[in-house]
Amino acid sequence: MLKLNQNGISPARRFFAGAVLTASAMLLTGCGSDETWWNTEWTMRKDITVDTAAAGATELIGGARVLVRLHEANHAFASGKEDGTDIRFIAEDNKTELPFYVEKYDALLNEAHVWVKPEELKPGGKTSFRLYYGNPGPKAVKVDDSKATFDSDTVLSWSFSDKGTAPGDGTSNGNNGDAPYTQVEAGLSGAAVSFTPQSVLAVEPKPTLQWLAGGAMTWSAWIKPGATPVSGNILTREDAGNAFIIAADNGSLVVTVKNGGAAVKSTPGVPLPANRWQHVAVVANGAQVSIYVDGELYGSAGAALPALNSPLFIGAAPQAIPAAPAFVCEMDEMQISKAARSVGWIKFAAAGQGASKDSRVVTTGPDEQGDAGMFAPGSTTAILLSSLTMDGWIVIGILAVMGVISWWIMFTKMRYISGISKGNHAFMNVWKHVVQDLTVLDDIDGAGIKSLGGRISPEGQKAMRQSSVYRIYHIGSEEIRHRKVADAAAFGDRGLSGRSIQAIKASMDGGMVRENQKLTKLIVILTICISGGPFLGLLGTVIGVMITFAAIAAAGDVNVNSIAPGIAAALVATVAGLAVAIPALFGYNYIQSRVKDATTDMHVFIDEFVTRMAEFYPDRRG
């Protein structure tokens, strides 16, 4: 006996269907997204690597900031916001947001200087974090904060990026300058201050700037001497016989320390090269004051830090005795700390903050573009949807309904036709044995006809109900049984009359017509989607373009940024129309070919059945 799968679905087809459903579920739930991406609303990222070993910093580097220089060779400025407010820095764990401060961001010149405070810099090793950007959405607002980038030991920081005002303290201590200054745009990182012999910036005494006798302190800055070596003060602080002075003597750096009137002065070193940025740090620790230039020991004085709580002067020293002019130079990134910074900190600051774009200390990896999702802010889909007008939404809504209906029709119709094809194939495998002698159906009751003389099991009969040929066979077999009984009563056992054969054929033809109606039911809706979808989409596009140009005319502002989103969104309607029509066209043609095959199977079967019936049940009245 023939036994079929009750569902009529092969294992391969079940596997394929399961794979499709699983993939769809992953797409809908986002299971296929990159879990290493911090936030999918940010579409771009790059790795930042800080190599303290390249700076020679092999000891602990506490409280150091990292200067990240971005330029056209290592950053895609066109992919981010024009003001850089979409920049974010994420730690190695890909979760923790790092404090940062954007000192300069110029999307026109493709240049940016950003200070970042990592969680911890590994001495003599590499530390990595990531820069994320590329989010034009509403969440990408300004979050940088200069105060958060400093440790508690930093009591004053002037970046000289203020315009038209006194120097502002970047820390939370409020140790600001007292007067505006002469600013130069091309500093080490952003703007800088330019000192003439008369230039002076004063800081009023505060508790955070109080120095204790024998305490610790670090002053650091980037200095660019003028063309001619001169003498002048850089930092001056005096109070009742105590003093601390950093100055230049014919271009050479010296530090003078006074404790109770007794002065100790360091030996002048090699004059600083003119017109070149150099990192200078002066560290007081116990009974020693050391000067470092570009991370290397330059000079020292065997004296302890004096107790001072007086005003602090940067540049000229008008209240000093005697008064002293300022050292002619440019200065940038000046800091004062209440701790003695380590040699590693100084070396890292000197090497990592240099003006070279090819720094070996702070390196940037290639840009990576993430899959932000179709509807993430700033994505093409989000821009198009946000620009759609109400008429476009209405048209797309209608097309979406048409698309769902067409897909449902194609799915159900293909499933129905596949069931018919499988049933027909199974029936014909049994029929080829029965057709050799059709008289085996004689004297068989209705149950025997359904099983083709016992050749099909009950399970096979249930699966074969999908077969259109089997249903037509059933009609013909029942007609034979009834017509034989009627002809035998009227004419004796003489087979089937010609009229009876014609009547049986007519009944089978009627069954075929009904089967064809089932096969072609609702297919007309596919033709409506094929022809009507593009026209509806075109209607939405035309109306959208009209509204866009009308809005531009009313605003009086003609530019690409105002035209492009509206036109692009209007074209979405046409795309939606084609997205409905094209699958419907392919599905319609495929279904029609399958319907034609099923109809041919029924025609062939009816012709064979009638021929065999005339052969095995001849009219013997003649």
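Residues numbered from 1 in each chain as written. Predicted model: local features only at pLDDT ≥ 70, side-chain atom pairs only at ≥ 80, totals over all residues. Heavy atoms only, no water.

What to know about the sheet that holds strand S4 (residues 100-106)
With antiparallel pairing, the three strands of this open sheet are ordered in space as S2-S5-S4. Edge positions in the open sheet fall to strand S2 (66-71) and S4, since each of these has one partner strand only. Strand after strand, the sheet turns through a mean of 15 degrees between neighbouring axes, direction not considered. Of the strand pairs in this sheet, S2 and strand S5 (residues 111-116) are connected by six bridges, and their pairing is antiparallel. Of the residues in S5, the one forming a bridge with Val-68 is Val-114. (Pairing = 2+ DSSP bridges. Helix = DSSP H or I, 4+ residues; strand = E, 2+ residues; numbered from the N terminus. Axes fitted to C-alpha atoms, helices over the stretch in contact; angles between N-to-C directions.)

Focus: helix H2 (residues 343-352)
Most of H2 sits inside the fold, with eight of its ten residues counted as buried. Looking at H2, one finds that the buried residues are Gly-344, Trp-345, Ile-346, Lys-347, Phe-348, Ala-349, Ala-350 and Gly-352. (Buried < 20%, exposed > 50% of the residue type's maximum accessible area, 1.4 Å probe, protein only.)

Here's the deal with the sheet that holds strand S19 (residues 312-315)
Here we have six strands laid out as an open sheet, ordered S10-S19-S12-S13-S14-S15, and antiparallel in their pairing. For this open sheet the edge positions go to strand S10 (200-203) and strand S15 (262-265), each flanked by a neighbour on one side alone. Neighbour to neighbour, the strand axes of the sheet diverge by 15 degrees on average, direction disregarded. Summarising the sheet, strand S14 (residues 252-259) and S15 pair through four bridges and their orientation is antiparallel. Considered in S15, the bridge of Lys-258 is made with Ala-263.

Description of the packing of helix H4 (residues 390-434) against helix H8 (residues 498-520)
Where H4 meets H8, the axes come as close as 9 Å, and the angle between the chain directions of the two elements is 145 degrees. Facing Lys-413, Tyr-416, Ile-417 and Ile-420 of H4, the residues of H8 in contact are Glu-515, Lys-518 and Leu-519. A class-by-class count of the residues in the contact of H4 with H8 yields four nonpolar, no polar and three charged. (Contact = heavy atoms within 4.5 Å. Nonpolar A, V, L, I, M, F, W, Y, C, P; charged D, E, K, R; others polar.)

Regarding the side chain of Thr-52
Within the element layout of this structure, Thr-52 appears in the loop between strand S1 (44-51) and S2. Residues contacting Thr-52, with those up to four places away along its chain left out, are Ala-57, Ile-61, Leu-121, Lys-122, Pro-123, Gly-124, Gly-125 and Phe-348.

Side note on the environment of Lys-265
Position of Lys-265 relative to the elements: it lies in strand S15. For the pair formed by Lys-265 and Ala-303, sequence separation is 38 residues and the distance between their alpha carbons is 8.8 Å. For Lys-265, the contacting residues outside a window of four places in its chain are Asp-249, Val-254, Val-255, Thr-256 and Ala-301.

Some details on the nonpolar core
Phe-427, Phe-605, Phe-609 and Met-613 are the most contacted members of the largest nonpolar core, which totals 44 residues. Counting residues per element, the ones that place at least two in this core are H4, helix H7 (468-491), H8, helix H9 (523-555) and helix H10 (560-616). If you look at the next biggest cluster of nonpolar residues, it comprises 42 residues, including Trp-158, Val-203, Met-217 and Ile-234. (Core = buried A, V, L, I, M, F, W, Y, C linked by side-chain atoms within 4.5 Å.)

Here we look at the pattern of salt bridges
Within the structure shown, the criterion is met by twelve salt bridges. Salt-bridge contacts for Arg-45 lead to Glu-368; the nearest nitrogen and oxygen are separated by 3.2 Å. Here the residue Arg-45 occupies a position in strand S1, and Glu-368 occupies one in strand S22 (residues 368-369), the gap between them amounting to 323 residues. Close ionic contact of Asp-151 with Arg-341 constitutes a salt bridge, the shortest N to O distance being 3.0 Å. Taken together, the residues span a long stretch of sequence, with Asp-151 in the loop between strand S6 (126-133) and strand S7 (154-158) and Arg-341 in the loop between strand S20 (329-337) and H2 at a distance of 190 residues. The exposure class of Arg-341 is buried, given its relative accessible area of 8%. (Salt bridge = Lys/Arg side-chain N within 4 Å of Asp/Glu carboxyl O.)

Thoughts on the confidence of the model for the protein chain
Summarising the model, the protein chain shows a mean pLDDT of 83, and 83% of its residues fall at 70 or more. With pLDDT under 50 throughout, residues 1-33 is counted as low confidence; its partners more than four residues away or in other chains account for 22 contacts. (pLDDT = per-residue confidence, 0-100.)

Some remarks on empty space enclosed by the protein
In total, this model carries two cavities of 30 Å³ or more according to the counting rule given. Computed from the structure, the largest cavity encloses a volume of approximately 130 Å³. Forming the boundary of the largest cavity are 18 residues, of which Arg-65, Gln-335, Trp-345, Ala-349 and Gln-353 lie nearest the centre. Mapped onto the lining of the largest cavity, the elements with two or more residues apiece are strand S11 (216-225), S20 and H2. (1 Å grid on protein atoms, 1.4 Å probe; cavity = no way out; pocket = protein on both sides within 12 Å on 5 of 7 lines; lining within 4 Å. Points joined across faces, edges and corners; volume = space filled by probe spheres on them.)

A closer look at the side chain of Ser-199
Of note, Ser-199 is situated in the loop between strand S9 (192-195) and S10. A distance of 2.9 Å separates a polar atom in the side chain of Ser-199 from the backbone nitrogen of Thr-196. The residues touching Ser-199, leaving out its near neighbours within four places in the chain, are Ser-194, Ile-314, Gly-315, Ala-316 and Ala-326. (Polar contact = N/O pair within 3.5 Å; in protein donor to acceptor, adjacent residues only side chain to side chain.)

Observations concerning H4
Over its 45 residues, H4 runs 65 Å from end to end, which matches the ideal 66 Å to within 8%, given 1.5 Å per residue. At Met-428, H4 shows its largest kink, close to 25 degrees. (Expected span 1.5 Å × (residues − 1). Bend = angle between axes of the 7 residues up to and from the residue.)

Overview of unusual backbone geometry
Backbone phi values are negative for most residues with the exception of glycine, while trans is the configuration of most peptide bonds. In this structure, Asn-110 is a non-glycine residue whose phi angle is positive, near 55 degrees. On the secondary structure map, Asn-110 appears in the loop between S4 and S5. Classification of Asn-110 by relative accessible area gives partly exposed; the value is 26%. Look at Asp-294: it is not a glycine, yet its phi comes out positive at around 55 degrees.

Thoughts on the packing of aromatic side chains
In the structure shown here, the tally under the stated rule is eleven aromatic pairs. On the numbers, 6.0 Å between centres and 80 degrees between planes, the contact of Trp-158 with Phe-160 is edge-to-face. For Trp-158, a relative accessible area of 0% corresponds to the buried category. A network of ring pairs unites the aromatic residues Trp-37, Trp-38, Trp-42 and Tyr-132 as a single cluster. The ring centre of Trp-115 lies 4.1 Å from the NZ or CZ of Arg-65, which sits over that ring. Taking NZ or CZ as reference, Arg-237 lies 4.7 Å from the ring centre of Trp-211, over its face. (Phe/Tyr/Trp six-rings, centres within 6.5 Å; stacked < 30°, edge-to-face > 60°. Lys NZ or Arg CZ within 6 Å of the ring centre and 35° of its normal.)

Re the environment of Phe-244
With respect to the helices and strands, Phe-244 occurs in strand S13 (residues 242-249). What makes Phe-244 buried here is its relative accessible area of 0%. Considered as a pair, Phe-244 and Leu-305 are 61 residues apart in the sequence and their alpha carbons are 7.7 Å apart.

Details of the pairing of S2
Both faces of the sheet carry side chains from a regular strand, because those side chains alternate between them. The buried fraction of S2 amounts to six of the six residues, a majority that puts the element mostly inside the structure. Alternating residues of S2 divide into Val-66, Val-68 and Leu-70 and Leu-67, Arg-69 and His-71, and every residue in both groups is buried.

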